[in-house]
Structures are given as structure tokens and as C-alpha cells.
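Structural overview for review
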Amino acid sequence: MELNITCIPGDGIGPEIVAEAKKVLDAVAVKYGHNMKYTDILMGGASIDAYGVPLTDEAIETAKSADAVLMGSIGGDTTTSPWYKLPPNLRPEAGLLGIRKALNLFANLRPALLYEELAGACPLKEEISASGFDMMIMRELTGGLYFGERKTVEENGVLKAIDTLTYDENEIRRIAIKGFDIAMKRRKKVTSVDKANVLDSSRLWRKIVEEVAKDYPEVTLEHMLVDNCAMQLVKDPKQFDVILTENMFGDILSDEASMVTGSIGMLASASLNDTKFGLYEPSHGSAPDIAGKGIANPIATILSAAMMLRYSFDLDREADAIEAAVKKVLKDGWRTVDIMPQEEDERAKVKQVGTVQMGDLICGQI
Ligand code: NAD
């Protein structure tokens, strides 16, 4: 199969970790007989330095012509970098918002998976972390409270702020379909999270999700109120497979879910539109504090590449191979600095490696 991939190395550790993800994709290509074609574009600070803007129209066109986009991370040190002296619409993050909009990426996927070998980093009680968890948070990304009309007015000398939360049935249906499609590739359970006891938008959400569920008889659907879900994530996270939710609830719950894994350098993510197209990137930022030192953990980006194979190319076997390779490398005791255990006796049982060595070890397992 021919895979046409646009790469955005970005800033900070971005170029280092994207290089490792490409290396792993190349190993997959050799083993399974695919042809990877990469085209790099600049975004964020790198694009500001080269062109004066965080994202050019040419870069957008290149991304649009690809089958999928693989990104590192963008941005610099927000207190010291000159990029943050620019007006907000010219700062690195404006590039990310711009590309999401241009590519109509409305569905955000963030897996939260606890690896047995890294269970020590999980901040939950041992009796909870011992049984592990593996969930996917599916968040609507372009509607709801963050995109509704807002204003601040003064009424009778009192300031009043108004934000509006709107969803139409089409916006809900398209994300629900994505959620059920993803569940079909996993353990076939969807937990739809809302606040239907209070909000009209949540009651419509529930109605449409139930309609979509009729087309997926193999998938078990349950509804959960958002406050309960926040509690269940720390009480019994293994109950979840796909969590399907709206923009603001998903923003909060996905951060909570990633924190319970305890390992930021391990977390992949994807943003999808209504075709097979997606933008795949690690959940973490550009880590300017460690850029250029060769110590960044490339695993989140490598796992994002695995998600790309699974969701944009339906190459499940190849994605499985990458995920299995990561597990094996961890099992064999290889760690980057961010996932080294804290305790001295535990540290003695594992071996610390840098970015390139971690990429090589994963390739070696493919
Ligand atoms: P960050 O995720 O970059 O770093 C937080 C901490 O985690 C740092 O100590 C860093 O060294 C460490 N870390 C992160 N990724 C790591 C990895 N792969 N391996 C080892 N250690 C890792 O968050 P931040 O410091 O708040 O943000 C830095 C920059 O990244 C900012 O400019 C921010 O706006 C940007 N950012 C970009 C994205 C994106 O491109 N999608 C997302 C978040 C933050």
C-alpha cells in the first residue's frame, strides 16, 4: 500500500521524536510491504522563523493533499521565547488551531492506557492500578461551549458574562458514528458522557447517540453523567473502553484520564475528520526544557503513528505490531528518563536509554 504522509516535526523535541516515529514506520513498511512517502511542512515557531507566520497556505495545501498528518509538537518556552511577544494570532499555537480548522478535524481521540511495567507511575491506589486500564477518550472538538457566542455586558451597573453551549444533531451524529466505529475496533463498549439531568444539549446528545447505536448492535452503550464519570475514572478506570463526550467535558476528562496513567511521554492522540483523514500527535508539548539533549521519550509519537495506521489506513496488523514492540521493549526493562522509576531499588532493575536508542529498540522488535 502507498501511504502519503505529511510530517510536521515542529519545535522543541518535535523533530527528534518525529524522526524516531518515521524510523519505526519505515521498519513496518519493510516488514509488511508498504511504501511510505513523507513530505515535511513547517508549523509553529519553525514556520514563524522561516516565513513570519505559524502556518502558511502552502503548508495547509500540502497537508490536505496527504492521506494523513503526523506531527511532533509546536511551541517554545512561553516565558522566554520571542514567539510569545507576537500577537496571539501569530504565535505558534495559532498554527495548530489553523490546521485543525482547515482540515475540519472535529473528533479528538486520546487513549489512556496503563502499561503493566509502568504501573508504579500511576497515582491511583495499588489495588486499582493492579488491574490496569485501557480506554479511549473521544472528544468533540469544534462545537459546544468553546465555540458558542459569548459576550460580557453591563446590566444596571453589574457586569454579566454570557457563554452559549449549542450542538445540532448533525454535529452529534458525526462524532457518535466515529465513536462507535472506534469501539468496533476495540472492546465494543461506548460510555456516552453528558449532563442530561440538567442540559438540553445533553438530552439531544443522548437521543442522537441512541439513534446511532441502533446501527451498531454489537456495541454495548451506556450513559453516564459527567460528574459520575470524573469519579469513576479514579475509582474504577478499567470499566471504560470508549468514552464519547462533548467538547468541554472531554477537555477535562481526557486530562484526568491521562494523569492517571502517570506517564506523559507515553500518550498518543489523534484528531479526525469525517473521512479517514487524521492528524496524529503525542499528547505532550514540545518540552523546550529538554530539546536537543537526545533524552525525549519518542513512544507517544510512535504510538500516534500506530494510531495513524489503524484509523487512517485500516492497517490493524501493522498497528498491533508497533504496540506489541513498545510493550516488549518496556518489558525488557528499557526506559527513557521520564519513565524511570523514582525508587533506587526499582531503578537498578531497568536500563535508561535516549531518544534514538529507544527508537532503535522498538524497530528491532518490529
Ligand atoms: P510539555 O508537555 O512540553 O512539557 C511538560 C513536562 O513534561 C516537561 O518537563 C517536559 O520536559 C516533559 N515532557 C514532555 N514530553 C516529554 C517527552 N516526550 N519525553 C520526556 N519528557 C517530556 O508542556 P509545557 O512545558 O507546558 O509546554 C511546552 C510548549 O509546548 C509550550 O509552548 C506549549 O504551548 C506547547 N504545547 C504544544 C502542544 C501541541 O503541539 N499540541 C501541546 C501542549 C503544549
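Before reading on, note that the structure itself is shown above.
This text gives an overview of the structure that appears in the document. (Residues numbered from 1 in each chain as written. Predicted model: local features only at pLDDT ≥ 70, side-chain atom pairs only at ≥ 80, totals over all residues. Heavy atoms only, no water.)

**Section: the packing of helix H8 (residues 226–235) against helix H9 (residues 247–261)**
Taken N-terminus to C-terminus, the directions of H8 and H9 make an angle of 10 degrees; their axes are 10 Å apart at the nearest point. Judged by the angle between their axes, H8 and H9 are roughly parallel. Across the interface between the two elements, Val-226, Cys-229, Ala-230, Leu-233 and Val-234 of H8 pack against Phe-249, Leu-253, Glu-256, Ala-257 and Val-260 of H9. (Axes fitted to C-alpha atoms, helices over the stretch in contact; angles between N-to-C directions. Helix = DSSP H or I, 4+ residues; strand = E, 2+ residues; numbered from the N terminus. Parallel < 35°, antiparallel > 145°, perpendicular 65-115°, else oblique. Contact = heavy atoms within 4.5 Å.)

**Digging into the state of the cysteines**
Applying the stated criterion to the full structure yields 0 disulfides. Cysteine Cys-122 remains unbridged, with the sulfur of Cys-229 as its closest cysteine sulfur at 16 Å. Here Cys-363 is not disulfide-linked; the sulfur of Cys-7 is the nearest cysteine sulfur, at 14 Å. Note on Cys-363: relative accessible area 18%, which makes it buried. (Disulfide = S-S within 2.5 Å. Buried < 20%, exposed > 50% of the residue type's maximum accessible area, 1.4 Å probe, protein only.)

**Here's the deal with unusual backbone geometry**
A positive phi angle, near 55 degrees, is found at Asn-104, a position not held by glycine. In this structure, Asn-104 sits in the loop between helix H4 (92–102) and strand E4 (107–113). Positioned with a positive phi, Lys-188 is a non-glycine residue whose angle comes to about 65 degrees. For Lys-188, the location among the structural elements is in the loop between helix H6 (169–184) and strand E8 (189–194). The partly exposed category is assigned to Lys-188, whose relative accessible area is 27%.

**Structural notes on H4**
Among the residues of H4, Pro-92, Gly-95, Leu-96 and Ile-99 are the ones counted as buried. For H4, the angular spread of buried residues about the axis comes to 95 degrees, placing them on one side. Turned more than 90 degrees from where H4 packs its buried face, Leu-97 and Lys-101 sit exposed. Buried residues belonging to H4 abut strand E1 (2–10), helix H2 (45–51), helix H3 (57–64), strand E3 (68–73) and strand E12 (278–282). Phi turns positive, to about 55 degrees, at Asn-104, one or two residues after H4. (Arc of directions from axis to C-beta.)

**A look at the environment of Ile-302**
Along the chain, the position of Ile-302 falls in helix H10 (residues 299–311). On the basis of relative accessibility, which here comes to 1%, the residue Ile-302 falls in the buried class. Taking the C-alpha atoms as reference points, Ile-302 and Lys-101, separated by 201 residues in sequence, lie 25 Å from one another. The residues contacting Ile-302, other than those within four sequence positions of it, are Glu-20, Ala-21, Val-24, Ile-322, Val-326, Gly-359 and Ile-362.

**Looking at the site of the ligand**
Gly-76, Glu-93, Gly-285, Ala-287 and Asp-289 are the nearest of the 22 residues found near the ligand. Gly-76 has a polar backbone atom sitting 2.6 Å from an oxygen atom of the ligand. For the ligand, an oxygen atom lies 2.7 Å from a polar atom in the backbone of Gly-285. Alone, the ligand offers 810 Å² of accessible surface; in the complex the protein occludes 70% of this. Elements supplying a minimum of two residues to the shell around the ligand: E3 and H4. Split into classes, the residues belonging to the shell around the ligand amount to 10 nonpolar, 8 polar and 4 charged. (Near = heavy atom within 4 Å. Polar contact = N/O pair within 3.5 Å; in protein donor to acceptor, adjacent residues only side chain to side chain. Areas by Shrake-Rupley, 256 points an atom, 1.4 Å probe, with all protein chains shown as cover. Nonpolar A, V, L, I, M, F, W, Y, C, P; charged D, E, K, R; others polar.)

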